[in-house]
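Summary of structural features
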Amino acid sequence: MVQCRICGGSVDEFFDFGRQPVSDSFVTPQTAGSEFFFRLAAGICTECTMVQLTEEVPREQMFHEDYPYRSAGSAVMHEHFEKYAHQLLQSELSGDDPFIVEIGSNDGTMLKTIGKAGVRHLGVDPSAQVGEFAKEEGVRVRTDFFEERSAREIAAADGPADVIFSANTTSHIAYIDSVFRGADAVLAPDGVFVIEDRYLASIMAQNAFDQIYDEHYYLLSVTSVRNMAARFGFELVDVEPLSVHGGSMRYTIARPGRRTVSGAVTEHVESERAAGLARPETYHRFARQVKESCAKLVELLTELREQGHSVVGYGATAKSATVINYCGIGPDLVPFICDSTPAKQGRLAPGTHIPVRPSAEFSKPYPDYALLFAWNHAEEIMAKEQEFRAAGGKWILYVPDVHVV
Ligand code: SAM
Ligand code: TMP
Ligand code: ZN
C-alpha cells in the first residue's frame, strides 16, 4: 500500500503511465538516452483526498542548473503576475517595511514588479540559469530549495515575511511538510502564504491528463489544501479561481484564527464534493477516458500521415512529455515541435526525442496541422499565429477531447 505524503492514509492508484522520463530534460543528440526515467502513476488518498504521484523523482533530477522553463515565455502569464504583484503592493505589502518571499521565483517575472517598487523581497529557486534572468531584472535570489532548513536561515537573516508566495511550485514539492515547517519559521504572525496552482476540478472536468507528470507531484483542490493546511498547523482562509494554465486556483493560507475564513472556501469544498472529487470511482472513469483520448490521438496522427498531410507540434511543454511518451508519439508522427524557449531549441524532447525548433520555423512553410501541446496558452498562441489559419492550417487539440479546429 502506498501511503499519503500528507496524512499517511492509503492512496488508491488510478492511473499508471508506465516508464516516463523527467519532463523538462530536453537532451542534445549527444546526451539522448541519458534522461532519468521513473514510473509515473497517480492516486488519490482515501483519507485527505490529496491526488498525488506514487513515486517521487529525486528533486535534483528535475530542478538544477539547466532547468529550462521560463515564466516569461507567455505574455499572458507575465501580465497575470504583474497584476498580482500590484495587488499585493496595495494590500499585504502596504505596511511599514514589508517583506515577501517567493518560492519558485524562476526568472523573476513576479518579483521584478515588487523589486521595482523598492519592497524587500527574496526569490528562492534551485534552478540557477533561470535565476540569472531574475537577477538581471534586479530581483534578489537565493539559489536553493525552499524547505525548513533554508526557511530558518532566511528568517534569521531577513526577519519575518508578510507574504510567502508560490505559483506552480508547491505542487512540485513532495516534501511539503518541510515547506510548511519553513513557512512557520518565516511567516509573520499575521502574514499570508499564497499558493497558486493548477486546479484539480478543472483537470478532471477537461480530462487534462497531461497535467500529470513528474513535477506535478500533487494535484491540488480546495478540499485537499484545506486538510493539508490544517494538518500542518495553518488555516485555508480564502480561495479564488483563476483562468490561467487551463484553470487554476489561488489559495490564501494563514495562521489559525488570524483571518476571517471566506465563504468561498466552503462553497468550493461543497462543489468538489458534488463533482465527486473525493470518490475513487471518479478517477477510474477519468482513467478510461485518458486511454480513449490517447488511442484517438494516435489514430488521427497516423491517418494524417497516411494521407500525406504535414503535422508539427506547437509548445514543447513539460506536459507534452506525458502525451508523447504514453501515446508513443515520436518524430515519425510529429517531425518537430516549435517552441519559443531558447534553452529548449536545438534539443530533443525527453523520451521519444522529437526535435525542438524555434517558433520562427513554424511558418517555413506552415504545416497542414499543428498539434497544440501548449493548449493552456491556446488563446495567446492562436492570436499570434492567425496567419497559419489564414493559410488553411488547422489546430489539433486533445483537451478536453481530440478535436480539430
Ligand atoms: N513560479 C513560476 C511560474 O509560475 O511561472 C515558475 C514555475 S516553474 C513550473 C517551478 C519552479 O519551482 C522552477 O523554477 C523550480 O526550479 C522551482 N522549484 C522547485 N522546487 C523548489 C523548491 N523546493 N523551492 C523553491 N523553488 C523550487
Ligand atoms: P507551460 O504550458 O508549462 O507554460 O509551457 C508552455 C511552453 O510553450 C513553453 O515551453 C513556451 C512555449 N510557448 C511558445 O512556444 N509560444 C508561445 O506563444 C507560448 C505562450 C508558449
Ligand atoms: Zn492523505
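Parameters at a glance
- Residues numbered from 1 in each chain as written.
- Chains lettered and ligands numbered in written order.
- Predicted model: local features only at pLDDT ≥ 70, side-chain atom pairs only at ≥ 80, totals over all residues.
- Heavy atoms only, no water.
- Pairing = 2+ DSSP bridges.
- Helix = DSSP H or I, 4+ residues; strand = E, 2+ residues; numbered from the N terminus.
- Near = heavy atom within 4 Å.
- Polar contact = N/O pair within 3.5 Å; in protein donor to acceptor, adjacent residues only side chain to side chain.
- Areas by Shrake-Rupley, 256 points an atom, 1.4 Å probe, with all protein chains shown as cover.
- Nonpolar A, V, L, I, M, F, W, Y, C, P; charged D, E, K, R; others polar.
- Domains from an automatic or database assignment.
- Donors = N, O, S within 2.8 Å, 3.2 Å for Na, K, Ca; no water.
- Tetrahedral: all angles 85-135°; square planar, octahedral: opposite > 155°, others 65-115°.
- Buried < 20%, exposed > 50% of the residue type's maximum accessible area, 1.4 Å probe, protein only.
- Axes fitted to C-alpha atoms, helices over the stretch in contact; angles between N-to-C directions.
- Parallel < 35°, antiparallel > 145°, perpendicular 65-115°, else oblique.
- Contact = heavy atoms within 4.5 Å.
- Phe/Tyr/Trp six-rings, centres within 6.5 Å; stacked < 30°, edge-to-face > 60°.
- Lys NZ or Arg CZ within 6 Å of the ring centre and 35° of its normal.
- Buried area = accessible area lost by both parts, 1.4 Å probe.
- Salt bridge = Lys/Arg side-chain N within 4 Å of Asp/Glu carboxyl O.

Bringing the pairing of strand β11 (residues 235–242) into the picture now. Strand direction decides the pairing type here: β11 and strand β12 (residues 248–254), joined by 7 bridges, are antiparallel. Within the sheet, the bridge partner assigned to Leu242 lies in β12 and is Ser248. Linking β11 to β12, which pair antiparallel, is a turn of 5 residues; within it His245 sits at a positive phi near 55 degrees.

Our next topic: the site of ligand 1. Near ligand 1 you find 21 residues, and of these Ser71, Asp125, Ser127, Phe146 and Asn168 are the closest. Between ligand 1 and Asp125 there is a distance of 2.6 Å, counted from an oxygen atom to a side-chain nitrogen or oxygen. Ala167 is positioned such that a nitrogen or oxygen atom in its backbone is 2.9 Å from a nitrogen atom of ligand 1. Protein contact buries 97% of the 600 Å² of open area that ligand 1 shows by itself. Each residue belonging to the shell around ligand 1 can be placed in one class, and the counts come to 12 nonpolar, 7 polar and 2 charged.

Okay, the site of ligand 2 next. Neighbouring ligand 2 are 19 residues, the closest being Lys319, Asp339, Lys344, His377 and Lys384. Residue Thr341 places a side-chain N or O atom 3.3 Å away from an oxygen atom belonging to ligand 2. With respect to ligand 2, the side chain of Asn376 contributes an N or O atom lying 2.8 Å from an oxygen atom. Starting from 480 Å² of accessible surface for ligand 2 in isolation, the protein chains cover 97%. Looking at the shell around ligand 2 residue by residue, the classes come out as 5 nonpolar, 9 polar and 5 charged. Of the domains in this structure, domain 2 (71–260) and domain 3 (281–404) are the two that each give at least three residues to the shell around ligand 2.

Quick look at the coordination of the zinc ion (ligand 3) now. Within the protein, Cys4 (SG), Cys7 (SG), Cys45 (SG) and Cys48 (SG) serve as the donor atoms for the zinc ion (ligand 3), at 2.3 Å. Considering all 4 donor atoms around the zinc ion (ligand 3), angles at the metal cover 99 to 114 degrees and the coordination shape is tetrahedral. All donors of the zinc ion (ligand 3) belong to a single chain; written as a sequence motif, their spacing is C-x2-C-x37-C-x2-C. In this structure, Cys45 and Cys48 share a single accessibility class: buried.

The next subject is the packing of helix α8 (residues 222–231) against helix α9 (residues 263–274). Direction vectors running N to C along α8 and α9 enclose 125 degrees, while the axes themselves pass 8 Å from each other. Taken together, α8 and α9 sit at an angle that is classed as oblique. Counting all contacts with α8, which are made through Val222, Thr223 and Arg226, the residues of α9 involved are Val265, Thr266, His268, Val269 and Glu272. Looking at the contact of α8 with α9, its residues break down into 3 nonpolar, 3 polar and 2 charged.

The next point concerns helix α11 (residues 319–327). By the criterion of burial, α11 is predominantly enclosed, with 8 of the 9 residues buried. Along α11, the residues classified as buried are Lys319, Ser320, Ala321, Thr322, Val323, Ile324, Asn325 and Cys327. Those residues of α11 that are buried are in contact with β2 (10–21), β3 (37–45), β9 (187–198) and α10 (280–306).

Okay, the packing of aromatic side chains next. Taken as a whole and judged by the stated rule, the model has 21 aromatic pairs. Both rings, one in Phe17 and one in Tyr326, keep their centres 5.3 Å apart while their planes meet at 80 degrees; by these two values the pair is edge-to-face. On the criterion of sequence distance, the pair formed by Phe17 in strand β2 and Tyr326 in helix α11 is long-range, its members being 309 residues apart. Since its relative accessible area comes to 4%, Phe17 is described here as buried. In this structure Tyr326 comes out as partly exposed when scored by relative accessible area, which is 25%. Aromatic pair Phe388 and Trp395: ring centres 5.0 Å apart, planes at 75 degrees, arrangement edge-to-face. Since its relative accessible area comes to 0%, Trp395 is described here as buried. Put simply, the rings of Tyr314, Phe362, Tyr366, Phe388 and Trp395 touch in pairs and so form one group of aromatic residues. Across from the ring centre of Tyr84, 3.6 Å away, lies the NZ or CZ of Arg250, which sits over that ring.

This part takes up the sheet that holds strand β13 (residues 311–314). The 6 strands are arranged β15-β14-β13-β16-β17-β18 in an open sheet whose pairing can be described as mixed. Looking along the sheet, the strands with just one partner apiece sit at the ends: β15 (356–358) and β18 (403–404). Pairing geometry for β13 and strand β14 (residues 337–339), over 2 bridges, is parallel. Pairing of Tyr314 across the sheet is with Cys338, part of β14. Here α10 sits on the sheet and contacts β13, β16 (369–372), β17 (394–397) and β18; the angle it forms with β17, its principal contact strand, is near 150 degrees.

As assigned here, the protein chain comprises domain 1 (2–53), domain 2 (71–260) and domain 3 (281–404). Computed from C-alpha atoms alone, the centre-to-centre distance between domain 2 and domain 3 is 30 Å. The partner domain 3 presents 21 residues to the 20 residues of domain 2 that form the contact. Roughly 1,800 Å² is buried in total at the junction of domain 2 and domain 3, and carbon and sulfur atoms are behind 64% of that figure. The largest contributions to the domain 2 side of the interface with domain 3 come from Asn207, Phe209 and Asp210, which together make up 39% of the buried area. The interface formed by domain 2 and domain 3 includes 0 salt bridges. Applying the counting criterion to the domain 2 and domain 3 interface returns 7 residue pairs in polar contact (both at pLDDT 80 or more). Among the secondary structure elements, those contributing two or more residues to the side of domain 2 that touches domain 3 are α2 (75–90) and α7 (200–205). Looking at the side of domain 2 that touches domain 3, its residues break down into 10 nonpolar, 8 polar and 2 charged.

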